[in-house]
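Here are the chains, one letter per residue:
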Amino acid sequence: MKLSLPKIAFILLCLCAFALGMKQLREPDVWWQLLAGRWMLEHGAVTHTDVFSYTMHGAKWINVKWLYEVIIAFLEKGLGPEAVLLLQSIVNVAIVWLLYKTIRLVSGTTSNILAAVVSLIAFLAISEYRMAGRPEMVSHLLSTAYLFLLWRNPRFEWKSLLLFIPLQCLWANMHEGYPVGLVILATATAGSFISYLFNKEKQGLQQTGRIAAVFVLSLLAVLCNPNGIVLWQQPFEIYRQVWANKYTTELYSYADAQYWTLQAKLHITVLLLVSAY
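A few points on the structure.

Rules and cut-offs
- Residues numbered from 1 in each chain as written.
- Predicted model: local features only at pLDDT ≥ 70, side-chain atom pairs only at ≥ 80, totals over all residues.
- Heavy atoms only, no water.
- Helix = DSSP H or I, 4+ residues; strand = E, 2+ residues; numbered from the N terminus.
- Salt bridge = Lys/Arg side-chain N within 4 Å of Asp/Glu carboxyl O.
- Buried < 20%, exposed > 50% of the residue type's maximum accessible area, 1.4 Å probe, protein only.
- Contact = heavy atoms within 4.5 Å.
- Axes fitted to C-alpha atoms, helices over the stretch in contact; angles between N-to-C directions.
- Parallel < 35°, antiparallel > 145°, perpendicular 65-115°, else oblique.
- Left-handed = near helix turned anticlockwise from the far one by under 90°.
- Nonpolar A, V, L, I, M, F, W, Y, C, P; charged D, E, K, R; others polar.
- Phe/Tyr/Trp six-rings, centres within 6.5 Å; stacked < 30°, edge-to-face > 60°.

For Phe156, which is not glycine, the phi dihedral falls at a positive 55°. Residue Lys200 is not a glycine yet carries a positive backbone phi of 55°. In this structure, Lys200 sits in the loop between helix 9 (179–199) and helix 10 (202–221).

Okay, structure coming up:
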């Protein structure tokens with residue numbers, strides 16, 4: 001099979017995405033997550049209280065990431081802690097592939113492949129510092145998957161829409177970023193309804209009904225977790241923690257000089273370019 005220059009560029013992009021995941025295991029949270037995963041595999045139960053620390057032993061623990069921790073602990077048993085970074089590399093390639101497919105869906109099959117590759121290189125440049133083996137890789141991957149699935153199914157047919165329900169359940173047991181999926185579905189529902197108001201087509205109203213039903217079912221799917229209805233409240237708790245966080249630079253106020261890291265400047269530049277487009 002003869003490879004064209006654009007296809008070679010895409011292959012090199014995937015290799016680059018893979019390589020960006022295989023970095024030094026420097027993320028301290030990973031060790032706590034591995035320890036929690038080992039404990040759950042050993043005891044066959046999900047952590048509901050702190051069983052590790054001295055000062056907070058026995059305190060209530062809403063472990064949103066329990067399934068991710070079990071998975072990486074299982075991988076660690078066979079491949080060592082570097083398996084976390086291998087998983088990150090595989091997720092990176094999946095994200096790039098999904099984004100590439102989404103770009104092609106949005107712009108059409110006649111779009112310039114090289115332009116898509118350049119866009120994805122820019123994406124990797126501004127996001128690689130978060131590709132460090134953290135469970136947020138799950139939210140990055142599923143956010144991309146949601147966008148791809150919606151663009152691939154513009155008429156909101158049932159067969160493809162129903163996939164969101166188990167995906168949302170999986171997300172709710174893997175990372176606290178799961179509300180992003182609900183926001184994406186809610187936005188699609190609102191967009192479909194606004195389209196119906198303009199076009200007044202019966203088919204448009206049916207499409208809105210289908211995506212709205214999937215949104216509600218996905219919201220209920222969140223309840224399928226070891227913490228039950230408490231998980232519905234967790235996003236608000238996360239926002240409280242965000243405002244209390246004084247150690248992560250991207251959570252600083254824009255008025256703080258420490259906010260203006262290289263990544264922040266790149267993010268704002270890309271945001272302005274996308275907004276202008």
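Per the stated rule, a full pass over the model turns up seven salt bridges. The salt bridge involving Lys23 is made with Glu128; its shortest N-O contact spans 2.9 Å. Placement of Lys23 in the loop between helix 1 (5–21) and helix 2 (29–43) and of Glu128 in the loop between helix 5 (113–127) and helix 6 (136–152) is noted, with a sequence separation of 105 residues between them. Overall, Lys23 belongs to the buried group, its relative accessible area being 17%. The salt bridge partner of Arg130 is Glu136, with a shortest N-O separation of 2.9 Å. Glu136 gets classed as buried once you look at its relative accessible area, which sits at 10%. What emerges from the salt-bridge pattern is a single network uniting Glu27, Asp29, Arg130, Arg134 and Glu136.

Before going further, it helps to examine the side chain of Ser143. In this structure, Ser143 sits in helix 6. By relative accessible area, which is 18% here, Ser143 ends up buried. Filtering out sequence-adjacent residues up to four positions away, Ser143 remains in contact with Trp171, Val180 and Ile184.

Mapped onto the secondary structure, Asn227 falls in the loop between helix 10 and helix 11 (230–244). Note on Asn227: relative accessible area 15%, which makes it buried. Excluding anything up to four places from it in sequence, Asn227 contacts His48, Trp61, Ile62 and Asn63.

It is at 9 Å that the axes of helix 4 (residues 83–107) and helix 6 come closest, and there the two elements cross at 20°. Between helix 4 and helix 6, the angle is such that the two are roughly parallel. Crossing hand, helix 4 versus helix 6: left-handed. In this structure, helix 4 uses Val84, Leu87, Gln88, Val91, Ala94, Ile95, Leu98, Leu99, Lys101, Thr102, Leu105 and Val106 to contact helix 6, whose residues at the interface are Met137, His140, Leu141, Thr144, Ala145, Phe148, Trp151 and Arg152. Within the contact of helix 4 with helix 6, the residues separate by chemical class into 14 nonpolar, four polar and two charged.

What the rule picks out here adds up to nine aromatic pairs. Ring plane angle 80° and centroid distance 5.4 Å describe the contact between Trp32 and Phe52, whose orientation is recorded as edge-to-face. Within this pair, whereas Trp32 is found in helix 2, its partner Phe52 is found in the loop between helix 2 and helix 3 (66–79), the two being separated by 20 residues in sequence. The partly exposed category is assigned to Trp32, whose relative accessible area is 36%. Between Trp97 and Phe148, the aromatic rings sit 6.1 Å apart at their centres with planes inclined by 55°, giving tilted as the arrangement. Note that Trp97 is positioned in helix 4 and Phe148 in helix 6, a separation of 51 residues in sequence.

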